[in-house]
Amino acid sequence: MADVVKKHSISFELARKMVDAVVAKAKEIGASENVVILDDGGNLKAFIRMDRAPIPTIEMAQNKAYTALLGVSTQDFFNFIQGDPSLLAGIPALPRIAAWGGGLPIKVNGELVGAIGVSGAPTVQNDIDCASAALVVVSDVVPVD
């Protein structure tokens, strides 16, 4: 049917495995993180707040995941907009947009199926490292048609 689009979305099972991977990495580096996983439509699929993860970074993690639904990491997004003063001034002012590292798109066979946002560690690089640890789980997934 030409008026219907077939798409894939992240499952709860995969989201849970990704959260577990972030928690393991955060414990390894001594960080406390908030982890948000959204499906391809921006709906909350999974959330966890580790003990001592800062409360304000809950919203930051949500915004990182939402921004990553653009299909690029939030760090790459920042790198893109920083060269254009009008983009740098305007885009970060939009609701739910985060232009710092820790948000990654979740893709399976090149198709965007969701996004992850991680926030709360002492450095943005810690957030990036923890989010990246979750994508290792995705590389083991074989999508079902």
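Residues numbered from 1 in each chain as written. Predicted model: local features only at pLDDT ≥ 70, side-chain atom pairs only at ≥ 80, totals over all residues. Heavy atoms only, no water.

**Observations concerning the pairing of strand 3 (residues 103–108)**
In plain terms, the rule: Whether a residue is buried, partly exposed or exposed follows from its accessible area with a 1.4 Å probe, protein chains only, as a fraction of its type maximum: under 20%, in between, or over 50%, in that order. A run of H or I in DSSP counts as a helix once it spans at least four residues, and a run of E counts as a strand once it spans at least two, with each numbered from the N terminus. Pairing between two strands requires that DSSP report at least two bridges joining them.
A large share of strand 3 lies buried, amounting to five of its six residues. Pairing analysis gives six bridges linking strand 3 to strand 4 (residues 111–119), with the strands arranged antiparallel. Paired with K107 across the bridge in strand 4 is L112. Two successive antiparallel strands, strand 3 and strand 4, enclose a turn made up of two residues, where N109 displays a positive phi of approximately 50 degrees.

**Observations regarding the packing of aromatic side chains**
Working definition: an aromatic ring pair is given by the centre-to-centre distance plus the angle between the planes. Note the following rule: The aromatic pairing rule takes the rings of Phe, Tyr and Trp, using the six-membered ring of Trp, and pairs them if the centres are within 6.5 Å, calling planes under 30 degrees apart stacked, those over 60 edge-to-face and the rest tilted. Geometrically, a charge over a ring is one whose NZ (Lys) or CZ (Arg) sits within 6 Å of the ring centre while staying within 35 degrees of the ring normal.
Using the criterion set out here, one finds zero aromatic pairs in the structure. The aromatic ring of Y66 is capped on one face by R96, whose charged end is 3.8 Å from the ring centroid.

**Focus: the nonpolar core**
Stated formally: Note on terminology: a nonpolar core comprises buried Ala, Val, Leu, Ile, Met, Phe, Trp, Tyr and Cys residues joined through side-chain atoms within 4.5 Å. Two residues qualify as a contact provided that any one of their heavy atoms is within 4.5 Å of a heavy atom in the partner residue.
I10, M18, I37, I106 and I116 are the most contacted members of the largest nonpolar core, which totals 26 residues. Mapped onto this core, the elements with two or more residues apiece are helix 1 (12–29), strand 1 (34–39), strand 3, strand 4 and helix 5 (124–139). Those residues within four positions of I37 in sequence are excluded, and the remaining contacts are I10, A15, M18, V19, N43, L44, K45, A46, I106, A115 and I116. If you look at the next biggest cluster of nonpolar residues, it comprises seven residues, including A65, A68, L69 and A115.

**Quick look at the sheet that holds strand 4**
Selection criterion: The axes used here are C-alpha line fits, helices contributing only the stretch in contact, and every angle between their N-to-C directions lies in the interval 0 to 180 degrees.
With antiparallel pairing, four strands are arranged side by side in an open sheet as 2-1-4-3. Edge positions in the sheet fall to strand 2 (44–49) and strand 3, since each of these pairs with one other strand and no more. Taken pair by pair, the neighbouring strands of this sheet meet at an average axis angle of 15 degrees, ignoring direction. In the packing of helix 2 (residues 56–68) onto the sheet, contacts are made with strand 1, strand 2, strand 3 and strand 4, and the angle to strand 4 comes to roughly 155 degrees.

Structural measurements only, silent on function.
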